[in-house]
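Structure assessment
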Amino acid sequence: MTATRTEAAPTAPTRLTDADLDLLLLIRHFELALLDMFGRGELHGTTHTCLGQEYVPVALRPLLDDDDFVFSNHRGHGHYLARFDDPHGLLAEVMGRDGAVCHGVGGSQHILRERYLSTGVQGESAPVAAGVALHLKRTEPGRLALVYLGDGTWGEGAVYEALNMAALWGLPLVLVVENNGIAQSTPTTAQLAGSIGGRARAFGVDHLRITSTDTEVVRAALTPALRRVRERSTPYVVELLTHRVGPHSKGDDSRRPEEIAHARAHDWYARYARAYPEQFDARDERQRAYVAQVVADVAGRPASRWTEENRG
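Computed from a predicted model, the values in this text were never measured in an experiment.

Right, let's talk about the side chain of R28 for a bit. With respect to the helices, strands and loops of the structure, R28 is situated in helix α1 (residues 18-39). A polar atom in the side chain of R28 sits 2.9 Å from the side chain of D267. Contacts of R28, omitting those with residues within four sequence positions, involve L51, G52, E54, D267, W268 and Y269.

Turning to the sheet that holds strand β10 (residues 236-241), a few remarks are in order. The eight strands are arranged β1-β9-β10-β6-β5-β2-β4-β3 in an open sheet whose pairing can be described as mixed. Both outer strands of the open sheet, β1 (4-7) and β3 (111-113), are each paired with one neighbouring strand and no more. If you compare each strand with its neighbour and ignore which way they point, the axes differ by 15° on average. Relative to strand β4 (residues 116-118), β3 runs antiparallel, the two sharing three bridges. Along β4, the bridge assignment pairs L112 with L117. Contacts between helix α6 (residues 157-169) and the sheet are confined to β5 (145-150), β6 (173-179) and β10, with β6 contributing the most and set at about 145° to the helix.

What follows covers the packing of aromatic side chains. Scanning the entire structure with this criterion turns up ten aromatic pairs. Plain terms: the ring middles of Y269 and F280 are 5.0 Å apart, the flat faces sit at 80° to each other, and that makes the pair edge-to-face. Here the residue Y269 occupies a position in helix α11 (residues 268-275), and F280 occupies one in helix α12 (residues 277-299), the gap between them amounting to eleven residues. Overall, the relative accessible area of 2% leaves F280 in the buried class. Three or more aromatic residues joined by ring pairs form one cluster here, namely W268, Y269, Y272, Y276 and F280. Against the face of F84 rests R113, its NZ or CZ located 4.1 Å from the ring centre.

We now examine the environment of N179. Tracing the backbone shows N179 in strand β6. Of note is the side chain of N179, whose polar atom sits 3.0 Å from the side chain of E239.

Turning our eyes to something else, we now look at α11. Of all the positions in α11, only W268, R271 and Y272 are classed as buried. Projected onto a plane normal to the axis of α11, the buried residues spread over an arc of 95° and lie on a single side. Buried residues along α11 sit against α1, α2 (55-60), α9 (215-232) and α12.

Let us now look at the nonpolar core. Counting residues in each nonpolar core, the largest one holds 59 residues, and the members touching the most others are L60 and L91. When residues in this core are grouped by element, the largest group, eleven residues, is from α1. Residues contacting L91, with those up to four places away along its chain left out, are F30, L34, M37, V294, V295 and V298. One finds F69, A129, A133 and V159 within the second-largest nonpolar core, a separate group that totals 27 residues.

This part covers the environment of N180. Tracing the backbone through its elements, the reader meets N180 in the loop between β6 and β7 (182-183). Distance in space between the C-alpha atoms of N180 and D151 is 7.1 Å, their sequence separation being 29 residues. Residues contacting N180, with those up to four places away along its chain left out, are Q53, D151, T242, H243 and R244.

Conventions adopted
Residues numbered from 1 in each chain as written. Predicted model: local features only at pLDDT ≥ 70, side-chain atom pairs only at ≥ 80, totals over all residues. Heavy atoms only, no water. Helix = DSSP H or I, 4+ residues; strand = E, 2+ residues; numbered from the N terminus. Polar contact = N/O pair within 3.5 Å; in protein donor to acceptor, adjacent residues only side chain to side chain. Contact = heavy atoms within 4.5 Å. Pairing = 2+ DSSP bridges. Axes fitted to C-alpha atoms, helices over the stretch in contact; angles between N-to-C directions. Phe/Tyr/Trp six-rings, centres within 6.5 Å; stacked < 30°, edge-to-face > 60°. Buried < 20%, exposed > 50% of the residue type's maximum accessible area, 1.4 Å probe, protein only. Lys NZ or Arg CZ within 6 Å of the ring centre and 35° of its normal. Arc of directions from axis to C-beta. Core = buried A, V, L, I, M, F, W, Y, C linked by side-chain atoms within 4.5 Å.

Structure follows, in structure tokens:
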């Protein structure tokens, strides 16, 4: 029997570990640095930051093993940094510099490293992850495949094909939906009939809805869900109601001023800064300075061989 559960948001952060805060701030300042570099004309193409959503991969970090597969998306810098803690390699990839994770071939959106893959094609990873989950079920029991999706991705048929296979075959597949209420420029209410929970239940898949932006609350809610996936080899849809603080990509934001203000009012960054000023301020400045050092280091590197060979 399928079910939907909802975890309520706390009125204040419950706890803040140094490790969580450092990673949250690393991702925040990395993303801000990218937008700043684009604004100065030092980067080309596009990028999609996860400003406001950093707490999702941070909460998941200790719940995932190195042998689990993680499938990310176009808004995946936080997913990568939570997985590998490698800002130098990621920035080098975005800039096409020496030391890039994929030699500068993938850029901001398309990265392959060990059991981690990100892609900018919405919904593409879901059926691929289902295939990987089938392989894990047969050869590595207890491991899982996790896919990060947005609310807009639920308009893609590939997601439902993956859910169908996962439910029929009992696959250790987790769909983590970062529902920020808008698909590029289209509000979720204008493009999604019914609910994500209802769509999951249509396939007999359990659904967990989390409204908190507190890493400890999110982690506590996710722990039994992921344990169940591992132990029972069954799929799960986890939906987090989050807020996109930054633009869709490097500069475009079609939301009304009051909608942007609402997102910023619910930003974990401001909440933690108010709740833990002494702990927050010192570590915030430390991570800001660290990211500045990363930018200076990577910007001073030569172009990657692939980038150099394909200029023109």
